[in-house]
Amino acid sequence: MDHATRTDEPEYVSEIAETALGPVEYAVVGTGSPVVVVHGSPGGIDAAALMARILPRDRVSAILLSRPGYLGTPLAGRSTIDEQADLVAALLDHLAIDRAGVYTWSGGGPSGYRLAVRHPERVTALVANAAVCQAYEAPHQDLATRLMFTTAPGRWLLRLLAAHQPEQYIRSELASEGDLTDEQLSRRVEEVLADPAKRDLALALGPTAVPDAHRRAGFHNDLDRFAAITSLELEKITAPTLVVQGTADSDLPPAQSTFAADTIPGAELLTLDSGTHLALYTHPDAAAAQARVVEFLTRGGG
């Protein structure tokens, strides 16, 4: 089954939940096992919707959200990692959902891990995809890259490339978040372009990863909080946990995922050889990895 089958229907329709811990932008798509989808840094509910494309809508009720400081969820009062974890629990309360799977990526890792530590009774299974779990500082970007992603002309150029030069856009995207040889990169770009689901996701992801005015507060807060991590107390996690990591990821040191898998009791590590930070979505073995993620989340770690 193609988990990323597209339709003409809107991917999601967001609304604001007034939870006990304040407002949060969210949407629920699909029916079946509830799974909270926690986006990275930068990101937002739009990035969560792209992550959720691998979750079959007839088997999973995906709970998408914007973390504090992103898009429709204000940062005020929810800046710490633990406050953000508690906010997810409050959203589940608002939705009258007792327990749910948790599917995190990248900068969504700390709050996802801490949700499992602080609210173990709420988490049926945890999938951490290339997820931050230790002190982290973003990789250095050269001036050209910073201008591309942080200025209005740069963002305009990104949109232009995505629309009219998708091969160049995807090549730049994969090169920026992975340590691939030129030969590996060329082959990966060809594979992504040949697969409509991978191609569409790679092109759609770019705008969600730009720290523009609607994401800047959350992004800067994330970087401050991640740099100060001393311990997320991963050893206290009791939920079945699957850690996914590409070996050629230059955005998140693979050693972080190895540490998580070694520290969380009973955790499973799924490694994608020569996978970049987008490995779960663009790797040649992505379909098998996605099927494992879906099985893990819907069967509570089975």
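Above: the structure in question.
None of these values were measured; they are calculated from a predicted model.

Peer 1: I keep staring at the pairing of strand S7 (residues 241-246) and nothing clicks. Help me out?
Peer 2: Each regular strand displays side chains that alternate between the two surfaces of the sheet. Counting buried positions over the six residues of S7 gives six, a clear majority of the element. Of the two faces of S7, the one holding Thr241, Val243 and Gln245 and the one holding Leu242, Val244 and Gly246 are both buried throughout. Two strands pair when backbone bridges link them, and strand S6 (residues 123-129) and S7 are joined in this way by four bridges, in the parallel orientation. For Val127, the partnering residue across the bridge sits in S7 and is Leu242. One ladder, built from five bridges, connects S7 with strand S8 (residues 268-272); its direction is parallel. Across the sheet, Val244 pairs through a bridge with Leu270, a residue of S8. Crossover handedness for the path S7 to helix H10 (residues 254-263) to S8: right-handed.

Peer 1: Help me understand helix H12 (residues 286-298) in this model?
Peer 2: An α-helical segment advances 3.6 residues per turn. Residues three or four places apart therefore align on the same side. Spanning 13 residues, H12 covers 18 Å between terminal C-alpha atoms, matching the ideal 18 Å at 1.5 Å per step. Considered for burial, the residues of H12 that qualify are Ala286, Ala289, Gln290, Arg292, Val293, Val294, Phe296 and Leu297. In the stretch just after H12, Gly300 is the one whose phi turns positive, near 65 degrees.

Peer 1: What should I look at first to understand the environment of Ala209 in this one?
Peer 2: In this structure, Ala209 sits in the loop between helix H8 (196-208) and helix H9 (216-227). With 163 residues separating them along the chain, Ala209 and Asp46 place their C-alpha atoms 9.9 Å apart.

Peer 1: How should I be thinking about empty space enclosed by the protein in this particular structure?
Peer 2: Space left empty within the atom packing is revealed by a probe, the size of a water molecule, rolled over the atoms. Per the counting criterion, the structure on display carries two cavities of 30 Å³ or more. By volume, the largest cavity amounts to about 60 Å³. Lining of the largest cavity is provided by Val24, Val38, Leu65, Arg67, Pro68, Gln84, Leu87, Val88, Leu91 and Ser111. Top contributing element to the lining of the largest cavity by residue count: helix H2 (residues 81-94), with four residues. Broken down by class, the residue content of the lining of the largest cavity amounts to seven nonpolar, two polar and one charged. In this structure, the second largest cavity spans a volume of roughly 50 Å³. Residue assignment for the lining of the second largest cavity shows that the elements contributing at least two residues are H2, helix H3 (109-118) and H9.

Calculation notes
Residues numbered from 1 in each chain as written. Predicted model: local features only at pLDDT ≥ 70, side-chain atom pairs only at ≥ 80, totals over all residues. Heavy atoms only, no water. Buried < 20%, exposed > 50% of the residue type's maximum accessible area, 1.4 Å probe, protein only. Helix = DSSP H or I, 4+ residues; strand = E, 2+ residues; numbered from the N terminus. Pairing = 2+ DSSP bridges. Right-handed = clockwise from strand over helix to strand, strands pointing away. Expected span 1.5 Å × (residues − 1). 1 Å grid on protein atoms, 1.4 Å probe; cavity = no way out; pocket = protein on both sides within 12 Å on 5 of 7 lines; lining within 4 Å. Points joined across faces, edges and corners; volume = space filled by probe spheres on them. Nonpolar A, V, L, I, M, F, W, Y, C, P; charged D, E, K, R; others polar.

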